[in-house]
Structures are given as structure tokens and as C-alpha cells.
Amino acid sequence: MKIFRIRQYFHYLRKAQWQVFARLQFRRQGVKVGRKVSLYGVPIVSRCDESTITIGDRVNLCSLPSFTALGVSRPVILRTLRPGAVLSIGEDSGLSGTTICAARSVEIGKRCLIGADVLITDTDFHPLDPANRRFRSESDARSEPVNVGDDVFIGARTIILRGVKIGEGAVVGAGSVVSRDIPAFSVCAGNPARVIRTLVP
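The text that follows walks through the structure, step by step, so that each part is easy to find. If you're wondering where the values come from, they're calculated on a predicted model, not measured in any experiment.

Calculation notes
Every chain is numbered on its own, with residues counted from 1 as its sequence reads. Selection of residues for local features in this predicted model requires a pLDDT of at least 70, selection of side-chain atom pairs for listing and counting requires 80 or more, and totals for whole chains, interfaces and linings are taken over all residues. Values reported for side chains reflect all heavy atoms of the structure, with hydrogen atoms and water molecules removed beforehand. Only DSSP runs of H or I reaching four residues or more are called helices, and only runs of E reaching two or more are called strands; each is numbered from the N terminus. Think of it in three bands: residues with accessible area under 20% of the maximum for their type are buried, residues over 50% are exposed, and the middle band is partly exposed, with areas taken using a 1.4 Å probe on protein chains only. Should any heavy atoms of two residues lie within 4.5 Å, those residues are counted as being in contact. With residues, only the protein chains shown are counted as cover, and all accessible areas are computed by Shrake-Rupley using a 1.4 Å probe. For this analysis, a ring pair means two rings from Phe, Tyr or Trp (six-membered ring only for Trp) whose centres lie within 6.5 Å, classed as stacked if their planes differ by under 30 degrees, edge-to-face if by over 60, and tilted for the remaining angles.

**Quick word on the overall build of the chain**
Consideration 1: Check the secondary structure of the chain and you find one helix and 20 strands.
Consideration 2: The buried share among the 201 residues of the chain stands at 43%.
Consideration 3: For the chain, the share of sequence-separated contacts (at least 6 apart) that also reach a separation of at least 24 residues comes to 34%.
Consideration 4: Summed over all atoms, the accessible surface of the chain reaches about 10700 Å², with 55% contributed by carbon and sulfur.

**Some points on the packing of aromatic side chains**
Consideration 1: According to the stated counting rule, one finds one aromatic pair in the structure shown.
Consideration 2: Plain terms: the ring middles of Tyr40 and Phe67 are 5.3 Å apart, the flat faces sit at 35° to each other, and that makes the pair tilted. Taken together, the residues span a long stretch of sequence, with Tyr40 in strand β2 (residues 38-40) and Phe67 in the loop between β5 (60-62) and β6 (77-80) at a distance of 27 residues.
Consideration 3: With relative accessibility at 18%, the residue Tyr40 sits in the buried group.

**Looking at unusual backbone geometry**
Consideration 1: Here the amide bond leading from Asn191 into Pro192 is cis, since omega sits at 0°, within 30 degrees of zero.
Consideration 2: Among the structural elements, Pro192 can be located in the loop between β19 (186-189) and β20 (194-198).
Consideration 3: The phi angle at Asp117 is positive, at roughly 60°, despite the residue not being glycine.
Consideration 4: Among the structural elements, Asp117 can be located in the loop between β11 (113-114) and β12 (119-121).
Consideration 5: Given the relative accessible area of 7%, Asp117 is considered buried.
Consideration 6: Phi at Asp151 is positive, roughly 60°, even though this residue is not glycine.
Consideration 7: Judged by relative accessible area, Asp151 falls into the partly exposed class, the value being 33%.

Structure, rendered in C-alpha cells:
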């Protein structure tokens, strides 16, 4: 019983440290953070000038493998790449080791569950034209907004690419590559992801 209490004490102490470090990082980066955001480990946050990152109330960000069943291979990464970019996470959503990169706009709805090591990006990062591709800047690459509706569940290690809209209540199977829109209240899976069944709202 004594050992359990000691472990519990150290857990609360570590959680308090994460909150302090992360809040300092959020403030330094100019991130808008809602109330009662839970942190397990410290996320990586990088905000481009004149862009916005918003984290809603009661969002859960898990950056350590010991605090999620599947484990994560990296911390949560939230990054805007260009001036004017928007990255927002709706209230009551949970992210585990998720990477989100926004060159224009990535919006995550309310009550979304995003599994371990999911990657969401609205840009190709490099232009398709092979001439000097390596040396051209990210701003030369195509980008289109990504929108994830409310109550969406995205399985572990899924990749969501630019221009995708995922309707509310949808489920994306683990390991999928989503390159086109997914209707609301549907289940999709595969590479490229395809609708395999519908759900009753």
C-alpha cells in the first residue's frame, strides 16, 4: 500500500512538471490553450509567425509510450508552416503521438479520438516538379485544407493527406492512407482508404 502511494505521488509530481514545461512552451509559442488540458509528457510545438494554434478545453495530449496501450514512437507534434496557417483541436479530443502539420488549415473537431502515431498534413512538403525539388522551399508545395468532423475515430498509424474532409462520426481503420473525402457515419480502411460500411447515427 505504501509503495502504491509513493508511485502515485511521483506520478502526480511528474504530471505537474509536464504541465509547467508545456504551458511555458505554449506561452512562448503563442498557442491558445483551453481549460483542463491533460498532458502526458511534453509535446513538440512550433508555430510560424502570423499563424494560429488552438487547443480546446479538456483535450488530452499523450506523448509518452507508457501512458497509452499501443505505445507511441514520438511525442505529439503540432506545427504550422506558413504565415496565416490555422491548426485547431476541438474540445474533449484525445491525441496520442500524433503529428499535425498545417501549411494552410488543419481543423480537428470535438470529441475526436486520434490513435497512436497518426500523421495529418495539409501539404505535400515538396513540389511535384522534379527540377530542384530538393532545394525549393516548402512554400512551393501544394497545400489544401484538412477538416476532421466531430466524434471521428482515427486508428493508429493512419496517414491523412491534404484536401481531405472526414465527416462527423466516421471511423478510419488503423494503418489507412486517407487521400479523399470520407462521408459522415462511415467506416473506411485501406490504402487508399475506402468506405467498407456505414454506421447508424
